Amino acid sequence: MNDTTSPVLVAENITVRYRKGRRHFTALDNVSVRIPYGTTVGLVGESGSGKSTLAKAILGLAPIAAGRVELLGQDITHLTGKPRRKLGQTIQAVFQDPNTSLNPSFTIRRSLIEPLKAQNMLGEIDVDARVAEVLTAVGMEPEAASRRPRQFSGGQRQRISIARALITNPQVVVCDESVSALDLSVQAQVLNLLMDLQRERGLSYLFISHDMSVVKHICHEVTVLYRGTVKESGPTQLVTTQPADPYTKALLLAAPIADPVLQRQRQRPTTPVSTTI
Ligand SMILES: Nc1ncnc2c1ncn2[C@@H]1O[C@H](COP(=O)(O)OP(=O)(O)O)[C@@H](O)[C@H]1O
Ligand SMILES: [Mg+2]
């Protein structure tokens with residue numbers, strides 16, 4: 001389905017509560033995001049604001065107390081078992097730590113084909129051709145397939161994690177702090193890769209980060225989360241140049257800036273800041 005007008009993913013009025021002893025803790029309260037086809041929607045907020053909880057709610061890994069999740073028009077809010085697993089053909093995720101997707105003792109090939117196994121796709125396609133295709137797509141040599149994670153740098157491992165997410169040909173990728181553990185220059189390379197892949201494959205991203213400078217670089221729209229509630233949302237350009245909420249302003253001031261001249265300007269509070277990394 002390539003309907004470019006309706007959103008590929010909608011999370012509407014999501015509330016998630018965790019049990020803490022005999023009490024309940026509301027990790028997300030009435031949070032909504034909507035991702036139009038082929039775009040990147042950012043979710044930004046400090047540690048503990050509920051970003052990963054929304055990712056997990058969408059992926060069926062957190063208890064949704066209220067609200068609705070729709071993927072390509074299908075209500076998936078409470079989908080479990082086999083129908084939930086089948087969604088791996090449509091939606092995949094890339095996390096901060098490549099070790100979550102790349103087992104250090106497995107070859108890259110073995111880790112890459114796990115999502116295909118989960119989808120019973122091993123018999124349907126030329127697996128080695130698909131492995132070579134996704135590795136090439138993320139700028140790696142096909143020969144990487146026979147190596148192990150420790151033979152690669154952090155940036156390369158994250159490229160391989162992206163390849164793994166792409167192997168089922170999904171339309172939506174949830175990136176949860178996917179570049180946060182990388183050095184600034186490597187972050188920029190991986191962000192550029194994600195943008196290239198979006199153009200080539202019509203991917204849509206939910207892009208989660210605590211870092212506004214990263215969000216500014218890649219997101220078309222952004223939602224600002226604070227203690228489980230939405231502070232503001234809108235086009236990135238607007239939210240980052242005319243933030244409506246003081247919390248957004250604080251996040252913008254906290255964002256690292258690679259350019260030392262801009263870094264100096266920012267120390268004068270009256271100077272408006274506009275940067276990319
Ligand atoms: N499984 C869980 N059980 C109880 N509390 C949780 C659980 N997962 C997350 N939380 C709490 O929910 C809040 C939001 O966490 P999280 O979504 O991981 O934030 P973020 O990704 O923005 O750092 C935090 O206070 C965290 O301690
Ligand atoms: Mg998180």
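Treat the numbers as computed from the prediction; the structure is a model and nothing was measured. Position labels on residues start from 1 in each chain and follow its written sequence. For naming, the first written chain is A and the first written ligand is 1, with later ones following in the order written. Only residues with pLDDT of 70 or above have their local features reported here, since the model is predicted, and side-chain atom pairs are shown and tallied only from 80 upward, although totals for entire chains, interfaces and linings are computed over all residues.

Visitor: Is there a simple way to think about the pairing of strand 10 (residues 229-235) in this case?
Guide: Regular strands have side chains that alternate between both faces of the sheet. One requirement defines pairing of two strands: DSSP has to find at least two bridges between them. Secondary structure follows DSSP: runs of H or I at least 4 residues long count as helices, runs of E at least 2 residues long count as strands, and numbering of each begins at the N terminus. Strand direction decides the pairing type here: strand 9 (residues 221-226) and strand 10, joined by six bridges, are antiparallel. When the sheet's bridge partners are listed, Tyr 226 is paired in strand 10 with Thr 229. Hairpin connection, strand 9 to strand 10: the antiparallel pair is bridged by two residues, and Arg 227 has positive phi, about 45°.

Visitor: Hey, could you run me through the nonpolar core in this one?
Guide: Soluble globular proteins tend to bury their nonpolar side chains together. In this structure, Ala 11, Leu 54, Ala 57, Ala 163, Val 173 and Leu 206 are the most contacted members of the largest nonpolar core, which totals 69 residues. Each residue gets a C-beta atom placed from its backbone, and two residues are in contact if those atoms lie within 7 Å. The contact partners of Val 173, leaving out residues within four places of it in the chain, are Gln 92, Ala 93, Val 94, Ala 165, Leu 203 and Tyr 205. A set of buried Ala, Val, Leu, Ile, Met, Phe, Trp, Tyr and Cys residues, joined to one another through C-beta atoms within 7 Å, is what we call a nonpolar core. Each residue is classified by how many other C-beta atoms fall within 10 Å of its C-beta atom, where C-beta atoms are placed from the backbone; a count of 20 or more means buried, 12 or fewer means exposed, and values in between mean partly exposed.

Visitor: Looking at this structure, I do not really get the packing of helix 6 (residues 154-166) against helix 7 (residues 184-201). What am I missing?
Guide: Describing two packed helices takes the angle between their axes plus the distance from one axis to the other. Orientation is described by lines fitted to C-alpha atoms, with helices fitted over the stretch in contact, and by angles between N-to-C directions that extend from 0 to 180 degrees. Packing of helix 6 against helix 7 leaves a shortest axis separation of 10 Å and a crossing angle of 20°. It follows that helix 6 is roughly parallel to helix 7 by the angle criterion. Crossing of helix 6 against helix 7: the hand is right-handed. The segment helix 6 lies against helix 7, with Gly 154, Gly 155, Gln 158, Arg 159 and Ile 162 engaging Val 186, Gln 189, Val 190 and Leu 193. Charged means Asp, Glu, Lys or Arg here, nonpolar means Ala, Val, Leu, Ile, Met, Phe, Trp, Tyr, Cys or Pro, and polar covers whatever is left, Gly included. Split by residue class, the contact of helix 6 with helix 7 holds four nonpolar, four polar and one charged. Roughly parallel means an angle under 35 degrees; roughly antiparallel, over 145; roughly perpendicular, 65 to 115; everything else is oblique. By the definition used in this description, the sense in which the near helix is turned from the far one sets the handedness, with an anticlockwise turn below a right angle giving left-handed and a clockwise turn giving right-handed.

Visitor: How should I be thinking about the site of ligand 1 in this particular structure?
Guide: Each residue gets a C-beta atom placed from its backbone. Should that atom fall within 6 Å of a molecule or strand, the residue is termed near it. Close to ligand 1 lie Tyr 18, Lys 20, Phe 25, Ala 27, Gly 45, Ser 47, Gly 48, Ser 49, Gly 50, Lys 51, Ser 52 and Thr 53. Elements supplying a minimum of two residues to the shell around ligand 1: strand 1 (7-20), strand 2 (23-36) and helix 1 (51-58). Counting residues per element, the shell around ligand 1 draws most heavily on helix 1, which supplies three residues. Split into classes, the residues belonging to the shell around ligand 1 amount to three nonpolar, seven polar and two charged.

Visitor: How should unusual backbone geometry be read in this particular structure?
Guide: The phi torsion at Leu 72 lies on the positive side, around 50°, for a residue other than glycine. Here Leu 72 shows up in the loop between strand 4 (64-71) and strand 5 (74-75). In the Ramachandran plot, Asn 120 falls in the positive-phi region, its phi being about 55° despite a non-glycine side chain. For Asn 120, the location among the structural elements is in the loop between helix 4 (114-118) and helix 5 (127-137). Classification of Asn 120 by C-beta neighbours within 10 Å gives exposed; the count is 10.

Visitor: Please clarify how helix 5 should be interpreted in this entry.
Guide: Side chains three or four residues apart in an α-helix point the same way, a direct result of the helix having 3.6 residues per turn. Among all positions of helix 5, only Val 131, Val 134 and Leu 135 are buried. Buried residues in helix 5, looked at end-on, bunch into an arc of 100°, giving them a common side. The inward-facing, buried residues of helix 5 contact helix 3 (108-112) and helix 6. Positive phi appears at Gly 139, one or two residues downstream of helix 5, with a value of about 85°. Directions pointing from the helix axis toward each C-beta atom define the arc.

Visitor: Would you mind showing me how to read the sheet that holds strand 2 here?
Guide: One key point about sheets: their strands pair by backbone hydrogen bonds, in either a parallel or an antiparallel sense. Pairing is antiparallel in the open sheet, where four strands are placed in the order 2-1-4-5. Either end of the sheet is taken by a strand with one partner, and the two such strands are strand 2 and strand 5. The pairing of strand 1 with strand 4 spans six bridges and is antiparallel. In the sheet register, Ala 11 faces strand 4, and the bridge partner there is Val 69. The strands touched by helix 1 within the sheet are strand 1, strand 2 and strand 4, with strand 1 carrying the most contacts at an inclination of about 115°.

Visitor: What exactly am I supposed to notice about the environment of Gln 187 here?
Guide: Locating Gln 187 in the fold gives a position in helix 7. The class of Gln 187 is buried, set by 23 C-beta atoms lying within 10 Å. Linking Gln 187 and Ala 137, residues 50 residues apart in sequence, is a C-alpha distance of 17 Å. With near-sequence residues (within four places) excluded, Gln 187 lies in contact with Val 179, Leu 182 and Val 214.

Visitor: Just checking my understanding: could you explain the sheet that holds strand 8 (residues 204-209) for this structure?
Guide: Judged by pairing direction, the sheet is mixed, and its six strands sit side by side in the order 6-7-8-3-9-10 without closing on themselves. The sheet terminates laterally at strand 6 (91-94) and strand 10, the two strands that pair on one side only. Each adjacent strand pair in this sheet contributes to an overall mean axis angle of 15°, direction not counted. Against the sheet, helix 1 contacts strand 3 (40-44), strand 6, strand 7 (172-176), strand 8 and strand 9, and its axis sits at roughly 150° relative to strand 7. Each of strand 3, strand 9 and strand 10 touches helix 10 (residues 246-254); the most contacted strand, strand 9, lies at about 105° to it.

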